[in-house]
Amino acid sequence: MKCKQIVIPEFGSAEVLAFQEIDIPQPNAGEVLVKIAYAGVNPIDVKTRAGLGWAAAENKDNLPWVPGYDISGVIAGLGEGAQAFEVGQEVVGFIGFPLRAGGYSQYVCVPETELTALPKTVALDAAAALPLAGQTAAQAINKAQVQEGERVLILAGAGGVGHIAVQLAVATKAEVYTTCSERNLDYLATLGAHAINYEFAPASERLSDVDVLIDLVGGDVALDALKCLKDNARVITTPTITAELVCEKAKLLGFEASGMLVSPDTKQMETLLYMVGVGLLKTEIQHVLPYLQVVEAHQQVETSRTRGKVLLDMQC
Ligand SMILES: NC(=O)c1ccc[n+]([C@@H]2O[C@H](COP(=O)([O-])OP(=O)(O)OC[C@H]3O[C@@H](n4cnc5c(N)ncnc54)[C@H](OP(=O)(O)O)[C@@H]3O)[C@@H](O)[C@H]2O)c1
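Note that the structure is predicted; figures quoted are calculated from it, not measured.

Undergrad: I would appreciate a short explanation of helix H10 (residues 294–302) in the present structure.
TA: Turn by turn, an α-helix covers 3.6 residues, leaving residues three or four places apart pointing in a common direction. Three or more residues of H10 are buried, namely Val294, Ala297, His298, Gln300 and Val301. Seen from one end, H10 has its buried residues packed into an arc of 160 degrees, which puts them on one side. On its buried face, H10 is in contact with strand E1 (2–7), strand E2 (18–23), strand E3 (31–41), helix H1 (43–49), strand E14 (285–290) and strand E15 (309–313). Just past H10, the residue Ser304 takes up positive phi, approximately 60 degrees.

Written out as structure tokens, the structure reads:
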């Protein structure tokens, strides 16, 4: 039996993305075969496809390469010794990070240790929005040690990482401020944040005495936001391309600052799924596109204006 997958045959614009047909793979010992329902699209997929960043550098001799770290789907086969799941069970995974990837596929074999069982209360699409972005949000909030009552500024609260980070920071009872364009002001207010329209004025002209900055934009926007911080504030910056610049400047100003690289954690995935299941956390999905429209999906993420997530429907 055959299945389809999406590959990056060479680095370039979204149009380079191509389809290939392969035999449905067989799981090795300790692996399971997953029939993928949804694959999440992340900015790192888009940057890597364009040949930018460390994942592209690492994979440049490894093309064609199948991108995709976020999957949800159903267990379709078990390799020798695999016993954590049953055939037919719904699962979600943050797979093959950072170098193997492979989620833009209809079927994939992965070590069973990379997967988390989906509770009945969480839909496959909501789950696929969570792995990379949700865990980045959770790890950034944890790394910053956000405390009750602190003033937290999250740049880009409406994005894939941002909308989860806002909700997690609100859940710690912090006073949460976030930047967005006009069309996302109401949306972010419904998540419990004070939303600041960056199109109207930079954050530094609107806010001061901030204890924690979670930077999801980087570059000049992040440098401006440093002016909002009070003495001894903490800074976490996620865009790896400008992390050094932002951290250097922040440290010169006397702040504690660090970049981060998200690390897959199935226990943390369980917690996020539980929160979604009981209604404590909402995932926002702007578009679910059939996998044949992967070019449009990449073009959308490339705008940097997506609200929440873009998913590929790998079933149709
Ligand atoms: N280091 C790591 O481990 C790691 C992990 C995950 C992500 N990242 C990086 O973190 C960044 C955010 O990721 P993401 O998945 O959340 O991206 P995303 O979903 O593409 O973010 C899109 C959001 O950014 C907002 N935005 C764009 N320009 C803005 C600005 N100048 N000020 C405020 N908001 C702005 C947009 O809101 P409006 O439409 O309202 O402008 C949109 O909702 C990316 O650079 C990504 O590569 C790093």
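Undergrad: For this particular structure, what's the right way to read the pattern of salt bridges?
TA: Side-chain pairing between opposite charges can occur once the charged atoms of the two side chains come close. Per the counting criterion, the structure on display carries nine salt bridges. Arg234 is paired through a salt bridge with Glu150; the nearest N and O atoms lie 2.8 Å apart. Taken together, the positions of Arg234 in strand E12 (residues 229–237) and Glu150 in the loop between helix H4 (131–143) and strand E8 (151–154) put the pair 84 residues apart, joining distant regions of the chain. Judged by relative accessible area, Glu150 falls into the buried class, the value being 13%. A salt bridge links Lys227 to Asp224; the nearest nitrogen and oxygen atoms lie 3.8 Å apart. Residue class for Asp224 comes out buried when judged on its relative accessible area of 14%.

Undergrad: What is the right way to read the site of the ligand from this model?
TA: The environment of the ligand is formed by 28 residues, the closest being Lys47, Ser181, Arg183, Tyr198 and Thr306. For the ligand, an oxygen atom lies 2.6 Å from a polar atom in the backbone of Thr306. Its free accessible area being 930 Å², the ligand has 89% of it covered by the protein chains. Mapped by element, the contributors of at least two residues to the shell around the ligand are H1, H4 and strand E9 (175–180). Residue classes in the shell around the ligand are distributed as 14 nonpolar, eleven polar and three charged. Split by domain, the residues of the shell around the ligand number at least three in each of domain 1 (2–129 + 283–313) and domain 2 (134–259).

Undergrad: Help me out: how do you make sense of helix H8 (residues 243–252) in this one?
TA: When H8 is considered as a whole, its buried residues turn out to be Ala243, Val246, Cys247 and Ala250. Buried residues of H8 fall within an arc of 95 degrees about the axis and therefore sit on the same side. Facing away from the buried surface of H8 by more than 90 degrees, the exposed residues are Glu244 and Leu252. Where H8 is buried, its residues contact strand E11 (210–215), helix H7 (219–225), E12 and strand E13 (256–259).

Undergrad: Would you mind showing me how to read the nonpolar core here?
TA: As a rule of thumb, nonpolar side chains are buried together in soluble globular proteins. Core analysis: the largest hydrophobic core is formed by 81 residues, its most contacted members being Val34, Tyr69, Leu115, Ile154, Leu168, Ile214 and Leu312. Considering each element in turn, this core owes the most residues, seven residues, to E3. There are two domains that each give this core at least three residues, and those are domain 1 (2–129 + 283–313) and domain 2 (134–259). Among residues more than four places away in sequence, those in contact with Val34 are Ile71, Gly73, Val74, Ile75, Ala76, Val91, Gln106, Tyr107, Val108, Val110 and Leu115. If you look at the next biggest cluster of nonpolar residues, it comprises 20 residues, including Leu155, Ala203, Leu226 and Ala257.

Undergrad: What exactly am I supposed to notice about the packing of aromatic side chains here?
TA: Each aromatic ring pair is described using two quantities: the centre-to-centre distance and the angle formed by the ring planes. Counted under the stated rule, the structure contains four aromatic pairs. With 6.0 Å between their ring centres and 70 degrees between their planes, Phe19 and Tyr291 make a pair best called edge-to-face. You can see Phe19 sitting in strand E2 and its partner Tyr291 sitting in the loop between E14 and H10, a full 272 residues away along the chain. For Tyr291, a relative accessible area of 6% corresponds to the buried category.

Undergrad: What am I meant to see in the environment of Ile75 here?
TA: Examined against the element boundaries, Ile75 turns out to sit in strand E4 (residues 70–78). Counting along the chain gives ten residues from Ile75 to Phe85, while the straight-line C-alpha distance between them is 7.4 Å. Those residues within four positions of Ile75 in sequence are excluded, and the remaining contacts are Val32, Leu33, Val34, Phe85, Glu86, Val87, Gly88, Gln89, Val91 and Leu115.

Undergrad: Sorry if this is basic, but what is going on with the sheet that holds E13 here?
TA: In a beta sheet, neighbouring strands are held together by backbone hydrogen bonds and run either parallel or antiparallel to one another. Sheet architecture is open: six strands sit in the order E10-E9-E8-E11-E12-E13, paired in parallel fashion. Taken across any chain shown, the strands that pair with only one partner, and hence form the sheet edges, are strand E10 (194–197) and E13. Each strand of the sheet is rotated relative to its neighbour by a mean of 20 degrees, with strand direction disregarded. Taken together, the four bridges between E9 and E10 define a ladder with parallel strand orientation. Paired with Cys180 across the bridge in E10 is Asn197.

Undergrad: Honestly, unusual backbone geometry in this entry has me stumped. Any pointers?
TA: Across residues other than glycine, the phi torsion is negative in most instances, and most of the peptide bonds are trans. Omega for the peptide link from Leu63 to Pro64 comes to 0 degrees, which places this bond in the cis form. Among the secondary structure elements, Pro64 is positioned in the loop between helix H2 (53–59) and E4. That bond from Phe97 to Pro98 is cis: its omega, 5 degrees, falls within 30 degrees of zero. Structurally, Pro98 is set in the loop between strand E5 (90–94) and strand E6 (107–111). Phi at Ala101 takes a positive value of approximately 50 degrees, unusual for a residue other than glycine. Topologically, Ala101 is positioned in the loop between E5 and E6. Although it is not a glycine, Gln145 adopts a positive phi angle of roughly 50 degrees. Within the secondary structure layout, Gln145 lies in the loop between H4 and E8. According to the relative accessible area criterion, Gln145 is exposed, its value standing at 54%.

Conventions used here
Residues numbered from 1 in each chain as written. Predicted model: local features only at pLDDT ≥ 70, side-chain atom pairs only at ≥ 80, totals over all residues. Heavy atoms only, no water. Buried < 20%, exposed > 50% of the residue type's maximum accessible area, 1.4 Å probe, protein only. Helix = DSSP H or I, 4+ residues; strand = E, 2+ residues; numbered from the N terminus. Arc of directions from axis to C-beta. Contact = heavy atoms within 4.5 Å. Salt bridge = Lys/Arg side-chain N within 4 Å of Asp/Glu carboxyl O. Near = heavy atom within 4 Å. Polar contact = N/O pair within 3.5 Å; in protein donor to acceptor, adjacent residues only side chain to side chain. Areas by Shrake-Rupley, 256 points an atom, 1.4 Å probe, with all protein chains shown as cover. Nonpolar A, V, L, I, M, F, W, Y, C, P; charged D, E, K, R; others polar. Domains from an automatic or database assignment. Core = buried A, V, L, I, M, F, W, Y, C linked by side-chain atoms within 4.5 Å. Phe/Tyr/Trp six-rings, centres within 6.5 Å; stacked < 30°, edge-to-face > 60°. Pairing = 2+ DSSP bridges. Axes fitted to C-alpha atoms, helices over the stretch in contact; angles between N-to-C directions.

Everything listed here is a matter of coordinates, which is why it stays silent on function.
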